[in-house]
Amino acid sequence: MTSGKAGVPMNEEQTVLDDLCRRAADLIGATRGPLKSVRLRVGEMSVEVEWPEAPANGREPVGTGAAREPAETGVRAEEPAPEREDGAFVVNAPLVGTFYRAPSPDAGPFVEVGDKVEAGQQVAIVEAMKLMNAVTAEQGGRVVEVLVDDATPVEYGQPLFVLAPSD
């Protein structure tokens, strides 16, 4: 029987990787607040999870308390969307991954320019480690600009949408 990179027989290596991914997904799902990064490694079987650093004042990072827990269906940004001078605000990527505007390739986008959005409404998906994470608007408003093309890699905190206050 041939051995893989992790010293595990080839037919078992995929099973080990699948199990490791499932356990990482369980860990991510059980966390409070946003993660900074997650790393998996099959060789030597490692899972590394990193949370944003706590502020110098010693308090919990914003978004980790019970009042700001992630929605059951998705991930929320760790801070409210910043407001711009014109009153518009930005919906940012809550994690690193691939940005999708629609729930599936053959479906229409969650939102289009001109659509009214309510606080907590899903506006996109960011795929990370084969997990689809809902992106939700922290505030209600009207979509005035989509800043990222569909199926584009995004970074944590990257602006995705601009929303103007509702009329």
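Keep in mind that this is a model prediction, so the values were computed, not measured.

Cut-offs and rules
- Residues numbered from 1 in each chain as written.
- Predicted model: local features only at pLDDT ≥ 70, side-chain atom pairs only at ≥ 80, totals over all residues.
- Heavy atoms only, no water.
- Helix = DSSP H or I, 4+ residues; strand = E, 2+ residues; numbered from the N terminus.
- Buried < 20%, exposed > 50% of the residue type's maximum accessible area, 1.4 Å probe, protein only.
- Areas by Shrake-Rupley, 256 points an atom, 1.4 Å probe, with all protein chains shown as cover.
- Salt bridge = Lys/Arg side-chain N within 4 Å of Asp/Glu carboxyl O.
- Core = buried A, V, L, I, M, F, W, Y, C linked by side-chain atoms within 4.5 Å.
- Contact = heavy atoms within 4.5 Å.
- pLDDT = per-residue confidence, 0-100.
- Pairing = 2+ DSSP bridges.
- Polar contact = N/O pair within 3.5 Å; in protein donor to acceptor, adjacent residues only side chain to side chain.

## Regarding the overall build of the chain
Per the secondary structure count, the chain includes 1 helix and 11 strands. Secondary structure elements of the chain, listed N to C terminal, follow the sequence α-β-β-β-β-β-β-β-β-β-β-β. Residue burial in the chain is summarised as follows: out of 167 residues, 32% are buried. In the form shown here, the chain has an accessible surface area of approximately 10,200 Å², with 50% of it arising from carbon and sulfur atoms.

## Overview of the pattern of salt bridges
In the structure shown here, the tally under the stated rule is 1 salt bridge. Put simply, arginine 101 and glutamate 112 hold a salt bridge, and the shortest N to O gap is 3.3 Å. Of this pair, arginine 101 sits in the loop between strand E5 (97–100) and strand E6 (116–117) while glutamate 112 sits in the loop between E5 and E6, placing them 11 residues apart in sequence.

## Considerations on the nonpolar core
Nonpolar side chains in soluble globular proteins tend to be buried together. By size, the foremost hydrophobic cluster in this structure holds 19 residues, and its most contacted members are Val123, Leu160, Phe161 and Leu163. If you list the elements that add at least two residues to this core, you get strand E4 (89–92), strand E7 (122–128) and strand E11 (159–164). Counting residues per element, this core draws most heavily on E7, at 4 residues. Ignoring anything within four residues of it in the chain, the contact list for leucine 163 reads Ala88, Phe89, Val91, Val117, Ala137, Gln139, Gly141, Arg142, Val143 and Val144.

## Here we look at the confidence of the model for the chain
When pLDDT is averaged across the chain, the result is 74; 53% of the residues are at 70 or more. Predicted confidence for residues 55–81 stays below pLDDT 50, and this span has 51 contacts to residues more than four positions away or in other chains.

## So, the sheet that holds E6
On the basis of which strands lie adjacent, the open sheet formed by 4 strands has the order E4-E11-E9-E6 and antiparallel pairing. Since the sheet does not close on itself, it has two edges, and those belong to E4 and E6, each with one partner. Relative to E11, E4 is paired through 4 bridges, and the arrangement is antiparallel. Across the sheet, phenylalanine 89 pairs through a bridge with leucine 163, a residue of E11.

## What about the environment of valine 154?
With respect to the secondary-structure elements, valine 154 resides in strand E10 (residues 152–154). For valine 154, a relative accessible area of 1% puts it in the buried group. When the C-alpha positions of valine 154 and threonine 98 are compared, they lie 5.9 Å apart, and in sequence the two are 56 residues distant. Other than its neighbours up to four places away in sequence, valine 154 contacts Ala93, Leu95, Val96, Gly97, Phe99, Val126, Val148 and Leu160.

## Structural notes on the environment of asparagine 133
Mapped onto the elements, asparagine 133 comes out in strand E8 (residues 131–136). Through-space distance from the C-alpha of asparagine 133 to that of glycine 97 is 9.3 Å; in sequence the pair is 36 residues apart. Engagement of the side chain of asparagine 133 in a polar contact is seen with the backbone oxygen of leucine 131, the distance being 3.2 Å.

## Side note on unusual backbone geometry
Of note in this structure, lysine 130 is not a glycine but carries a positive phi near 65°. Structurally, lysine 130 is set in the loop between E7 and E8. A relative accessible area of 77% places lysine 130 in the exposed class. Despite not being glycine, alanine 151 has its phi angle at roughly 60°, a positive value. Among the secondary structure elements, alanine 151 is positioned in the loop between strand E9 (141–146) and E10.

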